[in-house]
Number of protein chains: 2
Amino acid sequence: MAKRKVRNLLALALLGVLSERPMHPYEMASVLRERAKDTSMKIQWGSLYTVVQNLEKHEFVRATETTRQGGRPERTVYTITEAGRAELVDWLSELVERPQHEHNSFEAALSLVGHLTPDRAIELLRQRLWTLDADVDNITRSLRQMVEEFNFPRVFLIEAEYRLTMIRAEADYVRALLKEITEGSISGIEGWHAYHRDREAPKAEH
Amino acid sequence: MAKRKVRNLLALALLGVLSERPMHPYEMASVLRERAKDTSMKIQWGSLYTVVQNLEKHEFVRATETTRQGGRPERTVYTITEAGRAELVDWLSELVERPQHEHNSFEAALSLVGHLTPDRAIELLRQRLWTLDADVDNITRSLRQMVEEFNFPRVFLIEAEYRLTMIRAEADYVRALLKEITEGSISGIEGWHAYHRDREAPKAEH
DNA sequence: GTGCGTATACTCGCCTACGAATAATCATCG
DNA sequence: CGATGATTATTCGTAGGCGAGTATACGCAC
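Residues numbered from 1 in each chain as written. Chains lettered and ligands numbered in written order. Predicted model: local features only at pLDDT ≥ 70, side-chain atom pairs only at ≥ 80, totals over all residues. Heavy atoms only, no water.

### Notes on helix α7 (residues 158-183) of chain B
This is how the line gets drawn: Here a strand is any run of E in DSSP of at least two residues, a helix any run of H or I of at least four, and the numbering for each starts at the N terminus. The span expected for a helix works out to 1.5 Å for each residue beyond the first.
Along its 26 residues, α7(B) runs 37 Å from first to last C-alpha, staying within 8% of the 38 Å computed at 1.5 Å per residue. Within two residues after α7(B), G184(B) carries a phi angle of roughly 75°, on the positive side.

### Describing the confidence of the model for chain A
Selection criterion: Confidence scores here are pLDDT values: one per residue, from the predictor, ranging 0 to 100.
Per-residue confidence for chain A gives a mean pLDDT of 90, with 91% of residues at or over 70. The lowest-confidence element of chain A is helix α8 (residues 189-205) of chain A, averaging 80 in pLDDT; the highest-confidence one is helix α7 (residues 158-183) of chain A, averaging 97.

### A look at helix α2 (residues 25-35) of chain A
Residues and elements named next belong to chain A. What counts here: Buried means the residue's accessible area, taken with a 1.4 Å probe over protein chains only, is under 20% of the maximum for its type, while exposed means over 50%, and partly exposed covers the values in between. The arc in question is the one spanned by the directions pointing from the helix axis to the C-beta atoms. Whether two residues are in contact is decided by their heavy atoms, any of which lying within 4.5 Å being enough.
For α2, the complete set of buried residues consists of P25, M28, A29, V31 and L32. Mapping the buried residues of α2 onto a view down its axis gives an arc of 165°, with all of them on the same face. Looking at the buried residues of α2, the elements they touch are α1 (9-18), α3 (45-57) and β2 (75-80).

### Describing the interface of chain B and chain A
Cut-off, in case you're wondering: Salt bridge, as applied in this entry: a Lys or Arg side-chain nitrogen positioned within 4 Å of an Asp or Glu carboxyl oxygen. The definition of a polar contact used here is a pair of N or O atoms within 3.5 Å, where within protein one atom must be able to donate a hydrogen and the other to accept one, and adjacent residues in sequence count solely through side-chain atom pairs. Under the convention adopted here, Pro, Cys and the residues Ala, Val, Leu, Ile, Met, Phe, Trp and Tyr are nonpolar, Asp, Glu, Lys and Arg are charged, and Gly plus all remaining residues are polar.
Taken together, the contacts link 61 residues of chain B with 61 residues of chain A. Summed over the shared surface of chain B and chain A, the number is four salt bridges. In this assembly, chain B and chain A are joined by 21 residue pairs in polar contact (both at pLDDT 80 or more). When contributions to the side of chain B that touches chain A are tallied by element, the ones reaching two or more residues are α1 (9-18), α4 (82-97), α5 (105-111), α6 (118-149), α7 and α8 (189-205) of chain B. Take the side of chain B that touches chain A: its biggest share by element is 12 residues, from α7(B). Its residues assigned to classes, the side of chain B that touches chain A comprises 31 nonpolar, 16 polar and 14 charged.

### Re the packing of aromatic side chains
Remark: the centre distance and the inter-plane angle together describe each pair of aromatic rings, the angle taken between the planes. We count it as follows: Here a Phe, Tyr or Trp ring, Trp counted by its six-membered ring, pairs with any other such ring whose centre lies within 6.5 Å, and the pair is stacked when the planes are under 30 degrees apart, edge-to-face when over 60, and tilted otherwise. For a Lys NZ or an Arg CZ to count as sitting over a ring, it must be within 6 Å of the ring centre and within 35 degrees of the ring normal.
In this structure the tally under the stated criterion is eight aromatic pairs over all chains. Judged by centre distance (6.1 Å) and plane angle (65°), the rings of F152(A) and F156(A) are edge-to-face. Judged by relative accessible area, which is 31%, F152(A) ranks as partly exposed. Taken together, a centroid distance of 5.0 Å and an interplanar angle of 90° make the contact between Y162(A) and F106(B) edge-to-face. With Y162(A) in helix α7 and F106(B) in helix α5, the pair connects residues from two separate chains. Classification of Y162(A) by relative accessible area gives buried; the value is 3%. For F106(B), a relative accessible area of 2% puts it in the buried group. Feature note: the residues F106(A), Y173(A) and Y162(B) constitute an aromatic cluster, connected by ring pairs. Cation over ring: R128(B) sits above F106(B), and NZ or CZ is 3.6 Å from the ring centre.

### Here's the deal with the protein's contact with DNA strand C
Short version of the rule: One heavy atom within 4 Å of a molecule or strand is enough for the residue carrying it to be called near that molecule or strand.
For DNA strand C, the set of nearby residues contains 20 residues, the closest of which are N8(A), G46(A), S47(A), E74(B) and R75(B). In this structure, a phosphate oxygen belonging to DNA strand C sits 2.8 Å away from a side-chain N or O atom of S47(A). In this structure, a base nitrogen belonging to DNA strand C sits 3.3 Å away from a side-chain N or O atom of T50(A). When residues of the surface near DNA strand C are traced back to their parent elements, those giving at least two are α3 of chain A together with α2 (25-35), α3 (45-57) and β2 (75-80) of chain B. Sorting elements by how many residues they give to the surface near DNA strand C places α3(A) first, with seven residues.

Have a look at this one:
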């Protein structure tokens, strides 16, 4: 499979909105912000305009109009091309079909957690768990509201349900891990304690 | 909290290995590759050298020696500084304490899956599920081997156990989603079907 | 002993991402 | 009616990320 000409995921979202109707970049951002209002994905302005330019360079979109409202900066309206629609479907298919090993910072942190003392790790994990549980509550509540109060069809909510599922799974994992560390039932824990005792001893000796 | 001077997660891993002993960049890469052999995180050479330079610029590491073996390129050995150790612990603490909303490509894809036909989506999700289940099997097996055959302490495996948990959760979610789509029990599905029927109709009409 | 594949070790330059800066207009509140 | 802040809309400079490329040395087969 040939490499994607434009790799930034923002480009996928842009192709998504442009497949509905032509827009100028700022409008694309507004639409995205509206749709994903809860996640409040902070729009990165630099990326937005760069990515649109890249999409144009590779002919996935085409500038079809420039208008001007009063004395405001000129607006360039972009339209998706056939190649753009094809790219959207193809890219989307690939992302759904193949799990990508995305590098997750918590996973990285866990692999290095030995550099913290066990006590400190417990403290931090408790804090994380608290936040995760709060997140789960919030998302659950807003999802319920969307469905029950506003009759929002669930097909439009699957990405939020997915997110909820994953956060809940992480919370459960952290809860179990905390239990094992505090109870000392995870193998190798004495080594972890010992490592940090040895490193502190010399200082205490002074 | 001030922004991190070096943001690339690779830097965290490098500080991790350097906290054990001084090394030259290529050696850091080898050690990382060895440790994370299963995830086979493809070492990105450009990033490696850039990141080490950045770490040096901000005085988290210091070049302490340059040696030469035969006619090979010169090797520069880097040593972690006190500031570097502090950064490692501080950064690590932050990553453990606060869940970051990392942007996941499957989540993005799900939010745009309406652009695929339901039938195609089902097909792709089945393929994904198959891969996820296979991944679960592989990780489970290698974890069991590590613990039972090699007596590897579990504290060194928590990141793998975490990953396993998350993949399993994703697999369960995809399984449930597939059931709901194929059975048509998810609200809004007629709209999804209708949308694609309408788009194909004109072509069929021709 | 010579040829070939692999391991060692790094450099270079392009492209991308990003966020601060700019700048005009609109809403609003006293 | 004039000041203040929010909204609309984009540009630009720069730091960072990455992958292809380079170059030597080592090991092993034949």
